[in-house]
Every structure is written in structure tokens, then in C-alpha cells.
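# An overview of the molecular structure
Okay, here's what each chain looks like letter by letter:
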Amino acid sequence: MSRFLDQKLQTLEPYTPGEQPRDMGKLIKLNTNESPFPPAPGVLDILTRGQSADLRLYPDMNCTALRAAIGAFYGVEPQRVFAGNGSDDVLAFCFHGFCPNGAAFADITYGFYPVFAQMFGVQETIVPLRADFSIDPQDYAGIKSTVFIANPNAPTGLCLVPGQIEALCRQNPDRLVIVDEAYVDFGGETVVGLTEKYDNLLVVQTFSKSRQLAGGRLGFAIGAKALIDDLNAMKFAFNPYSINRLTLLAGQAAMEDRAYFDKTRGQICENRAFAREKLIQMGFSVTDSRANFLFARAPGLSGGAYYKALRDRGILVRWFDRDRIRDYVRITVGTREQMETLIEETAQILRQR
Ligand SMILES: Cc1ncc(COP(=O)(O)O)c(C=O)c1O
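As a starting point, this report considers the structure included with it. Keep in mind it's a predicted model, so treat the numbers as computed, not measured. (Residues numbered from 1 in each chain as written. Predicted model: local features only at pLDDT ≥ 70, side-chain atom pairs only at ≥ 80, totals over all residues.)

### Structural notes on unusual backbone geometry
What counts here: Runs of E in the DSSP output that reach at least two residues are strands. Runs of H or I that reach at least four are helices, and both are numbered from the N terminus.
Here the bond from N151 into P152 is cis, since omega is 0°, no more than 30 degrees from zero. Mapped onto the secondary structure, P152 falls in the loop between strand 5 (146-150) and helix 5 (162-171). Between A154 and the following residue, P155, the backbone shows a cis peptide bond with an omega angle of 5°. You can see P155 is positioned in the loop between strand 5 and helix 5. In the Ramachandran plot, R217 falls in the positive-phi region, its phi being about 60° despite a non-glycine side chain.

### A word on the sheet that holds strand 8 (residues 219-223)
Sheet strands associate in pairs through backbone hydrogen bonding, adopting either a parallel or an antiparallel arrangement. Under the convention used in this document: Pairing between two strands requires that DSSP report at least two bridges joining them. All axes here are fitted lines through C-alpha atoms, helices being fitted over the stretch that makes contact, and every angle between N-to-C directions spans 0 to 180 degrees. By the convention adopted here, residues are in contact when the distance between their C-beta atoms, placed from the backbone, does not exceed 7 Å.
The seven strands are arranged 2-8-7-6-5-3-4 in an open sheet whose pairing can be described as mixed. At either margin of the open sheet sits one strand with a lone partner, and together these are strand 2 (81-84) and strand 4 (124-127). When strand polarity is set aside, the average angle formed by the axes of neighbouring strands in this sheet is 20°. Two strands pair when backbone bridges link them, and strand 6 (residues 177-180) and strand 7 (residues 201-206) are joined in this way by four bridges, in the parallel orientation. By the bridge assignment for strand 7, D180 is matched with V204. Sheet strands in contact with helix 2 (residues 64-74) are strand 2 and strand 8, and its direction is about 130° off that of strand 2. The strands touched by helix 3 (residues 87-97) within the sheet are strand 2, strand 3 (103-106), strand 6, strand 7 and strand 8, with strand 7 carrying the most contacts at an inclination of about 155°.

### Thoughts on the environment of G163
Quick note on the threshold: Here a residue counts as buried when 20 or more other C-beta atoms fall within 10 Å of its C-beta, as exposed when 12 or fewer do, and as partly exposed in between; the C-beta atoms come from the backbone.
Structurally, the position occupied by G163 is in helix 5. Classification of G163 as exposed rests on a count of 11 C-beta atoms within 10 Å. Separated by 174 residues in sequence, G163 and E337 have C-alpha atoms that sit 37 Å apart.

Right under this line is the structure:
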């Protein structure tokens, strides 16, 4: 640490992202919930059609075409859509600007929330999940802080239904509810439709999981126009050009290709069901995940031991060395072939226990 760092950042504990191996070799990478499929064909066209020549020019800071494409997909006016450099960027603005009374979130949820809270000096209220890892909206009833709900939650994959999100919005109309729908396209139900009715609801989504653009860095939010105006004000006060030209085009093309989106997310759901069933047959305890990952506890093997055994066999999954979830690993759902390899290797690991 340098002697120049502001005192309030000296205890900052940065987010620990999942391992991103430089040399993939034969590794099967099931640790950061990316899509195993390539981006939609239209996206690849853009990257090869010479559009990159325009890179000498700044990008459209209003993200006009992209916001129109997102708006058309969800049936909302583009003025109610905000785009950011990954949904982490959007969430950072939310913590920075929308939490004057602090932020409330679950004890087990996306690990970036407490980091953002610390980074922006936001008071946090931690609301424990129930014993079965579910979220009970009633637990948030008396809380005045801005509520962050990952739905489906990470790393459990469990979902709230729209009626439960609506209950959170109704509990206190003067409290903002931010629903992080990073994984919603794999079996959850989006609450974008509710943003028309509730001006205290903001939905955040990403192109990283169901739209194959984790490397492009693109996320968005949908909410009341006033909330979107606030997000734009923050973005224009920080980095108006935060989304580069190629990503703007790629995001638009990905959003417009509904058939590819449906096909690929359908395959993930099938592969998830296949792998979940096999793991359960082998004695695993597996949550009913509606995300592109499984959250699983091995029989008679600690989470850390199972993670290391898979690592030794070239399969990278995510293990969180944290209270309540130490016995589990989070496995990104990949291709059918990758899931078959995971199951075969797991069977061998269990035999050698
Ligand atoms: C729940 C949740 N929200 C947001 C993100 C951030 O996604 P990105 O910044 O790639 O859009 C992630 C990434 O894994 C996530 O798990």
C-alpha cells in the first residue's frame, strides 16, 4: 500500500473473482458462469466485417441503438433502459448513488455487494438466508436501506417469484429494491414488467451469461425513467464512453437474435437437468438451481476436497471457503460433453474416497 492511499480505502477488501487461467490447455472451465457457446452469429459478423475501423472514433455515449434493441426485447421505452460496462458497473452506480440509508442484502449472495458497500462507504445490513438457503421477503419488512436481491440468487441458484419481489416493493414505497437478474434467463421469471408499476424497482441484467458476451463487458438496468436519468447522470459524471464501439454493436446483435438466445439457454437448462440428476444419483445434495450453475454438496467429501480433486483432473469449479456454504461447490453448466466428463470424473473421485 502506498502512503498516498486515502485512509478510508486502506482496509478495502477487493472482490476475489474466480480463477481465469491464462493457459486453458485442456482445462474444463466451469468456475465463472460464462456460456460454453460462442456469441450469436451476428455478433461474430460484426467483429469480422471491418466495423473495427471506426474504433478511432468515440462510441455513442447514449448507447442509442443498443438501448432501443433492449427496449424492443422487453417492450419498454429506451429511455427506461440504462447500459453499463458489465452489470458490475451498473451495480457500482447503484451502491454509489442509491444507498443514502445503507444497503441490505443476504448473507449468502453475490460477493461483490459487500465490496461495493465498503468501497462507497455504504452502511450494510446483512439479512441471513433461511436454513434451506431461501429468501423470505418478510425478513426485509422493517428495513429502510436499499434492498439488493440477486434473483436467482448466487451461488444457490434459488429464485423468488415475481409476487415476492412485488411484496418487497410494496413493503415500503420509499425504499428502492434492486433486483440483480444476472441468471434469470435460465428458468427464473423476470420482473422487468413490474418496473412500469413500481418506481422503486430497478432490474439489473447482464450480457455475460445468457448472451455469451462476458468478455465484451455489457450490462443494463431497466426501471422508472427518473432512476435511469440518475444512472445516466452518474455515468456522464464518471466515464460517458464506458461501453466501447464493438461491444455496443455486439450487444445489439446479441439482443436481436432471439432464436439463438432461446436455443442456447434451452440447452443450458437441459444440461443442468442432466448433470443435476446424475449428481443426485451419486448421493449429492443439489439445490433446485434456476441459474446456469449447480450448487452441490458431495457425499462424504468436503467442498474443498471435491474442488481440489476436480482441479487435479482438469476441471475448474468454484468453491467458497465461507461459513454455511463451505461444504458446497458451484459448478457452471457447460456443454453436454463437459457435463458428462464432470460426472465421469466425479464418479472416480467418489470411488477413491
Ligand atoms: C449475481 C451476479 N450479478 C452480477 C454479476 C456481474 O456480471 P457482469 O459484470 O459480468 O455483467 C455476476 C457475475 O458473475 C453475478 O454473479
